[in-house]
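Residues per chain are reported as follows:
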Amino acid sequence: MRVLVIHPRLTVGGAERVITLMAKGLKSLNVDVDLCFSAIEKNAGGSVRHMLWSSPRIEFLNNSSLSEKNVLTAKIAEYFGDFIKLCLLLKRDLESYDLINPHNFPAYWSAAIVGAGRPIVWTCHDVLEPYGVLRDYYEDGSIKYFIGLLQKLDSFIVRRKISKIVTNSKKNVRAILSRYSLSSKLIYPPIDTELFSPKNVSDKIVSGDLLIVQVGSFVKLKNYLASIIALKIVKEKIPGSKLLLVGEGPWKKRLMVTAEKLGLTKDVKFIGFVNDVMLSEIYNSCDICVHPVLEQSFGLVPFEAISSGKPVLVSSKCGAAEIFEKYAPGMIVEPSPQKVAEKILEVYRNYEDVVHEVLEMRNMIVKILSPQMYAKKILKIFQETLEENVQK
């Protein structure tokens, strides 16, 4: 079986990590896998270079820092450019592949347009919505109208061109059914438990009595403001507390201003995007990871923190919470500053008991969220799709 995995661009993020872990897992099962990206951002290049295969479909793209003023126009242009580029790349030698596995928008549009009747298994990390920074502008009437038109076209394409849909949470299964009136297969994403594992760290990245970390893009939905305000509340009880923010994005200036207004300039440390090895070290350096997102279909960060042996507070609005409900309900929190602060203090007071719960949950992750398990499950879906296509 030859599978072509396509994705708009390889960046530092969750969907991209899922793709690389899946590809490695499939190759270990003797599946011939190629990756196709419209571009690879500079900081994410290492995620591909160490892989076991090579692909001529890779171009390196340096990260650019966008201000809030031009990010909207740039993001729309990026989507359009990715769509065209992926279409052109797919036309080159698509005949040599048995199945196409597109991921984020607009990759599955490109597969649908150029796929030439080949079966398409779409790995849906999110249904088409105003993603990331676009959500910040969604109240604008013209943006709502534009997104509404895209969603209508999107529904038409998905219903007629996609063979099967694989998704990452029950939350997203419901969203897919609501948007497209289609069923989907649920496979929880894989976690690299070898990379993200408990390690002894002699020197913490930031010194303090309590080191809290949040990881992700600096956009509204990640709710970094809640973490900064929560730190202010926590410091009333634990004055030596610090907050480490790992990421980049258009909200960075707002977050820095908020920290300054609250008198937290020396206590909130900003770190840009880091490679996976550095991220693992950061998890191991911290005491608590917070993930107070306002909305997210799944979220790898909570599981990477748990896999690193650290407590994590996961938002009740995050798809990952459906697993925490079963294994660690005490780590779920409402994503408001007061609730996050209260939960941080609760974890701090009962730290040893919570860490014991963390290690038990880590054992669960190793068993059911391993890359090997994910690869076996998705391979079964690929095989079923090919068999059904032959019967047609």
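Everything below is about the structure shown above.
First things first, this report covers the structure right here in the doc. This one's a predicted model, so the numbers in the text were calculated from it and none came from an experiment.

1. Quick notes on the nonpolar core
So, point 1. Judged by nonpolar contacts, the single largest core of 90 residues is most densely connected at Leu26, Phe303, Phe324 and Ile344.
So, point 2. At 7 residues, the largest contribution of residues to this core is made by helix H15 (residues 371–391).

2. Focus on the pairing of strand E8 (residues 210–215)
So, point 1. The buried count for E8 comes to 6 of 6 residues, which makes it a mostly enclosed element.
So, point 2. Every second residue of E8 is oriented toward a common face, with Leu210, Ile212 and Gln214 on one face and Leu211, Val213 and Val215 on the other, all of them buried.
So, point 3. Here E8 runs beside strand E9 (residues 241–246); their pairing, made up of 6 bridges, is parallel. Opposite valine 213, over in E9, you have leucine 244 as the bridge partner.
So, point 4. Pairing analysis gives 2 bridges linking E8 to strand E11 (residues 288–291), with the strands arranged parallel. Along E11, the bridge assignment pairs isoleucine 212 with isoleucine 288.

3. Some points on the sheet that holds strand E12 (residues 312–315)
So, point 1. Taking strand neighbours across the sheet as the criterion, the 6 strands line up as E10-E9-E8-E11-E12-E13 in an open arrangement whose pairing is parallel. The open sheet is flanked by strand E10 (268–271) and strand E13 (332–333), the only strands paired with a single partner.
So, point 2. Pairing of E9 with E10, which is carried by 4 bridges, proceeds in the parallel orientation. Looking at E10, one finds that leucine 245 is bridged to phenylalanine 270.
So, point 3. Where helix H8 (residues 224–234) meets the sheet, it contacts E8, E9, E10 and E11, and its direction lies at approximately 170 degrees from that of E9.

So, how was this worked out
Residues numbered from 1 in each chain as written. Predicted model: local features only at pLDDT ≥ 70, side-chain atom pairs only at ≥ 80, totals over all residues. Heavy atoms only, no water. Core = buried A, V, L, I, M, F, W, Y, C linked by side-chain atoms within 4.5 Å. Buried < 20%, exposed > 50% of the residue type's maximum accessible area, 1.4 Å probe, protein only. Helix = DSSP H or I, 4+ residues; strand = E, 2+ residues; numbered from the N terminus. Pairing = 2+ DSSP bridges. Contact = heavy atoms within 4.5 Å. Axes fitted to C-alpha atoms, helices over the stretch in contact; angles between N-to-C directions.

These values are about where atoms sit, not about what they do.
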